[in-house]
Amino acid sequence: MRTAAGVAAPALGGGVVKLRFVVLAVAVLIAWGLKRHYADARAEDLAWILAPTSRLAGAMAGTTFMPEPGEGYLSREHLFVIAKPCAGVNFMVAAFGMLVLARLHRIGSLTSAARVLGASLVASYGAAVLVNAARIVGALWLAAHPIVWSAWGAAEIHRLEGITVYFGGLVVLCEMVQWLGRRAVPVGRTS
Amino acid sequence: MSRPRSRIGRAFRRTALPLASYYAVTLALPVAGGAPLSGAFLEHALVVLLVPPLLVLGACAVRSAVTP
């Protein structure tokens, strides 16, 4: 059997199909666990993602975000707080699910299953920090230039910016994964 | 007329997975988790539903303008 790309596709045994279902189930559990943790967490509990995001956003915007107990990370210079709702955990969950689905066809063994889950988790975390930092830098710029957007309210602009940056981030991440997949070994030759 | 249509179709096929992931986390999960379907949520949901496809269409329009 050959795929549209002309690559020989391996015959899918029942074991591989079962393994892929297990991987999907594990991915759903991880995503659910992340959402539960996010729902119950205080800002301090989210330091694992808020701290690197605030450091990166601060470096990109040329400002300093300091921990503010119970609030998140505050830039006194800009009077801007990176609070719990801005942590980017939802983006991380979306990116993680998308990456697992995008790489699911590559899973043929326990090793490749662990690799797909691990790489998706790490990549979604890195992407969440990077994309969220970019979104915060954009929000800082928009807050400093309110006259440009006077026709719309600040909340609407903040929401539109969030949707644009997060969705754009997912598209770019998906394109990168597809591009890396095309460069990698064909499906039939994975471990 | 078929060329812009096929370009738009291709763009939506390429962005289907990010779009589905985004909708799942921003809309499906909150609804499944019991988020109240208030007016504010429905307004937010409408914006979340409409903006990403509009961005895809905008990107197609820009690409068509740059590479006719």
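The model shown is predicted, which means the values in this text are computed figures rather than measured ones.

A. The overall build of chain B, seen in detail. A count of helices and strands for chain B gives three helices and zero strands. N-terminal to C-terminal, the α/β element order of chain B is α-α-α. Taking 2.2 N^0.38 as the reference for a compact globule, 68 residues should give roughly 11 Å; the C-alpha atoms of chain B span a radius of gyration of 15 Å, well beyond that estimate. Counting only C-alpha atoms, chain B reaches 45 × 20 × 15 Å along its principal axes. For chain B, buried positions account for 29% of its 68 residues. Accessible area of chain B: about 4300 Å², with a carbon and sulfur share of 72%.

B. The packing of aromatic side chains, seen in detail. Residue and element names in this part refer to chain A. Summed over all chains, the structure comprises four aromatic pairs over all chains. Aromatic pair Trp48 and Tyr125: ring centres 6.0 Å apart, planes at 25°, arrangement stacked. Of this pair, Trp48 sits in helix α2 (residues 47–61) while Tyr125 sits in helix α4 (residues 110–144), and the two are 77 residues apart along the sequence. Judged by relative accessible area, Trp48 falls into the partly exposed class, the value being 29%. For Tyr125, a relative accessible area of 27% gives the class partly exposed.

C. Local environment of the packing of helix α5 (residues 154–183) of chain A against helix α3 (residues 39–66) of chain B. Viewed as axis vectors pointing N to C, α5(A) and α3(B) meet at an angle of 50°, and their least axial separation amounts to 10 Å. Overall, the two elements α5(A) and α3(B) adopt an arrangement that is oblique. Pair α5(A) / α3(B) crosses with right-handed handedness. Contacts between α5(A) and α3(B) involve A:Arg159, A:Leu160, A:Ile163, A:Thr164 and A:Phe167 on the former and, on the latter, B:Glu43, B:His44, B:Val47, B:Val48, B:Val51, B:Pro52, B:Leu55 and B:Val56. In terms of residue class, the contact of α5(A) with α3(B) is built from nine nonpolar, two polar and two charged.

D. Structural detail: the sheet that holds strand β1 (residues 66–68) of chain A. Residues and elements named next belong to chain A. Taken together, the three strands give an open sheet; going across it, the order is β1-β2-β3, and neighbouring strands pair in antiparallel fashion. Of all strands in the sheet, those bounded by a partner on one side alone are β1 and β3 (80–83). Here the average twist between neighbouring strands, direction ignored, is 35°. For β1 and strand β2 (residues 72–75), the ladder comprises three bridges, and the chain directions are antiparallel. Residue Glu68 lies in a different strand from β2, and its bridge partner there is Gly72. Sitting on the sheet, α2 touches β2 and β3, and the angle it makes with β2 is about 20°.

E. How the structure looks around the interface of chain A and chain B. With 17 residues of chain A at the interface, the matching set in chain B holds 17 residues. Summing the contributions of chain A and of chain B, the shared interface buries around 1600 Å²; its carbon and sulfur component is 77%. If you sort the residues of chain A by the area they bury against chain B, A:Arg159, A:Ile163 and A:Phe167 come out on top, with a joint share of 41%. Across the contact surface, chain A and chain B share two salt bridges. For B:Arg14, the salt bridge goes to A:Glu175, with nearest N and O atoms at 2.4 Å. At the surface where chain A touches chain B, the tally comes to three residue pairs in polar contact (both at pLDDT 80 or more). A per-element tally of the side of chain A that touches chain B places α5(A) first, with 10 residues. Within the side of chain A that touches chain B, the residues separate by chemical class into 12 nonpolar, two polar and three charged.

Procedures and definitions
Residues numbered from 1 in each chain as written. Chains lettered and ligands numbered in written order. Predicted model: local features only at pLDDT ≥ 70, side-chain atom pairs only at ≥ 80, totals over all residues. Heavy atoms only, no water. Helix = DSSP H or I, 4+ residues; strand = E, 2+ residues; numbered from the N terminus. Rg over C-alpha atoms; globule rule 2.2 N^0.38 Å. Buried < 20%, exposed > 50% of the residue type's maximum accessible area, 1.4 Å probe, protein only. Areas by Shrake-Rupley, 256 points an atom, 1.4 Å probe, with all protein chains shown as cover. Phe/Tyr/Trp six-rings, centres within 6.5 Å; stacked < 30°, edge-to-face > 60°. Axes fitted to C-alpha atoms, helices over the stretch in contact; angles between N-to-C directions. Parallel < 35°, antiparallel > 145°, perpendicular 65-115°, else oblique. Left-handed = near helix turned anticlockwise from the far one by under 90°. Contact = heavy atoms within 4.5 Å. Nonpolar A, V, L, I, M, F, W, Y, C, P; charged D, E, K, R; others polar. Pairing = 2+ DSSP bridges. Buried area = accessible area lost by both parts, 1.4 Å probe. Salt bridge = Lys/Arg side-chain N within 4 Å of Asp/Glu carboxyl O. Polar contact = N/O pair within 3.5 Å; in protein donor to acceptor, adjacent residues only side chain to side chain.

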